[in-house]
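Read off the chains here:
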Amino acid sequence: MKLDTKALRYLTAEDWRVLTAVELGSKNHEVVPTPLIVQLSGLRSGSGVHKCISTLAKANLIGRTKNAKYDGYRLTYGGLDYLALHTHLKHKTLYSTGNCVGVGKESDIYVVADSSGKQLILKIHRLGRISFRSIKNNRDYLKHRTSASWMYMSRLAALKEYSFMQVLRKNGFNVPEPVAQSRHTVVMELIDAFPLRQIQSVPDPAGLYAELIDMILRLASFGLIHGDFNEFNILIKEIEVSSEPGTENGKVDNDKAPRMPDTKFDGSRAIPTITPVMIDFPQMISIDHANAEMYFDRDVGCVKRFFERRFNFVSDVAGPHFADVKKLTAANKGNRLDVEVEASGFSKKMAKELETYMEAIGVDGPGGDGNEGGGDEGDGVHGSDESADESDGEQANDSCRPQNLHVKSEIPIGDIAGL
Ligand code: ADP
Ligand code: MG
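Please read all numbers here as calculations on a predicted model, not as lab measurements.

1. Examining the sheet that holds strand E2 (residues 62–64)
Two strands in a sheet stick together by hydrogen bonds in their backbones, pointing the same way (parallel) or opposite ways (antiparallel).
And step 1. Taken in spatial order, the three strands make up an open sheet running E1-E3-E2, and their pairing is antiparallel. The open sheet is flanked by strand E1 (32–33) and E2, the only strands paired with a single partner.
And step 2. Here E2 pairs with strand E3 (residues 72–75) via three bridges, running antiparallel. If you follow Arg64 over to E3, its bridge partner there is Tyr73.
And step 3. Relative to the sheet, helix H3 (residues 47–58) contacts E2 and E3, its axis offset from that of E2 by approximately 100°.

Now the structure itself:
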């Protein structure tokens, strides 16, 4: 979905109050009755509020529902986007939005910038956007689905992602720095890197493979399984290595299909010049999850399969196996990040709700990017089907595909009315 920020500029303080009132009312009403909107807005009843409602409806931030038994409005995804952007603007987390750099099944990714011009990533969760493709046995569950539920679930996905990023980062994992979360959005550090999926060759596949398996093991030792650990969710970042006279500093031309230098030889020892950064956490699970072993094996299998197909690399070490990994977790008893995340506010109940919903809409809980069992092979957006490799970058939504992130922000939205 396009992030159209045009109307942000001309909304008044009253418009924002009315939009917030519709959001509040949505908690208990699929369609929020107009009198309730008036009441919740705290504005005096009269033409003023109705003018706001009409402005918001024209900008598609709220929608009138004709079939309702009473006269009312519901919040649209656009409205929810605006409320989240408004909060980020107020908190000075961001100042401008730029290009869309990625579109997944359940999220849109934009480059944004804060007021100092520093580029960041805005991830907007859109759970349920592509939903009825693989409903499987969940018709009954989804029958009761309302727009309120997709909004709530998208919020949960954002909250979960943000909470996990915080604890992972705090514990030394290589993940983007989380900056802020509002509603269904997360603002985070922009990693200037390519997804592993787009890397055609590395000089030391064994080294990179070992690093990725280490990452999976380290996660497990902290009680976690990524659940979608695949070539789309690993960004390969170059590490700055200072240039010495007469030596190559290992930089590559970022405009071309990358061939990554992953080591530099300084005469005595090899210095790694690339590092994997892990992203995408809404499907992360505890190692105590009922299907933990399956998800763990799938994460390991994804790495193995990709390395064999892309780099012709097969490790001569079997495993790692789930049983051994459980021992690692037990040995690291005091350090359970699954427990820490719970303590930070993303409760077990929320985790269960989100998981049930993701399964119902075909995100398959863990595995949302479409690795084996992920349920979206061939959907053209993300899929691990190797036959699609050559057309990498020619994914379904051409205007919105993952790309090199040296993008200048384009649409200033900081200077708007009503802040
Ligand atoms: P989804 O849940 O839709 O798969 P991801 O978080 O995996 O969303 O992001 C989709 C794509 O957007 C990634 O493959 C990557 O190209 C890009 N991306 C996401 N987060 C970042 C980031 N912090 N820095 C740079 N690129 C990112
Ligand atoms: Mg992803």
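2. Quick notes on helix H4 (residues 77–90)
And step 1. A rise of 1.5 Å per residue sets the reference length of H4, with its 14 residues, at 20 Å; its end C-alpha atoms lie 20 Å apart and thus fit the reference within 8%.
And step 2. Within H4, 10 of the 14 residues are buried, which leaves it mostly tucked inside the rest of the structure.
And step 3. Taken together, the buried positions of H4 are Gly79, Leu80, Asp81, Tyr82, Leu83, Ala84, Leu85, His86, His88 and Leu89.
And step 4. Immediately beyond the C-terminal end of H4, within one or two residues, lies Lys92, with a positive phi of roughly 60°.

3. Digging into unusual backbone geometry
And step 1. Residue Pro320 is bonded to the preceding Gly319 through a cis peptide linkage, with omega at 5°.
And step 2. Inspection of the secondary structure assignment puts Pro320 in the loop between helix H8 (292–311) and helix H9 (322–331).
And step 3. Look at Asn60: it is not a glycine, yet its phi comes out positive at around 60°.
And step 4. With respect to the secondary-structure elements, Asn60 resides in the loop between H3 and E2.
And step 5. The backbone phi angle of Lys92 is positive, close to 60°, even though this residue is not glycine.
And step 6. Assignment of secondary structure puts Lys92 in the loop between H4 and strand E4 (96–103).
And step 7. Judged by local crowding, Lys92 falls into the exposed class, with 12 C-beta atoms found within 10 Å.

Calculation notes
- Residues numbered from 1 in each chain as written.
- Chains lettered and ligands numbered in written order.
- Predicted model: local features only at pLDDT ≥ 70, side-chain atom pairs only at ≥ 80, totals over all residues.
- Pairing = 2+ DSSP bridges.
- Helix = DSSP H or I, 4+ residues; strand = E, 2+ residues; numbered from the N terminus.
- Contact = placed C-beta atoms within 7 Å.
- Axes fitted to C-alpha atoms, helices over the stretch in contact; angles between N-to-C directions.
- Expected span 1.5 Å × (residues − 1).
- Buried ≥ 20, exposed ≤ 12 C-beta atoms within 10 Å, placed from the backbone.

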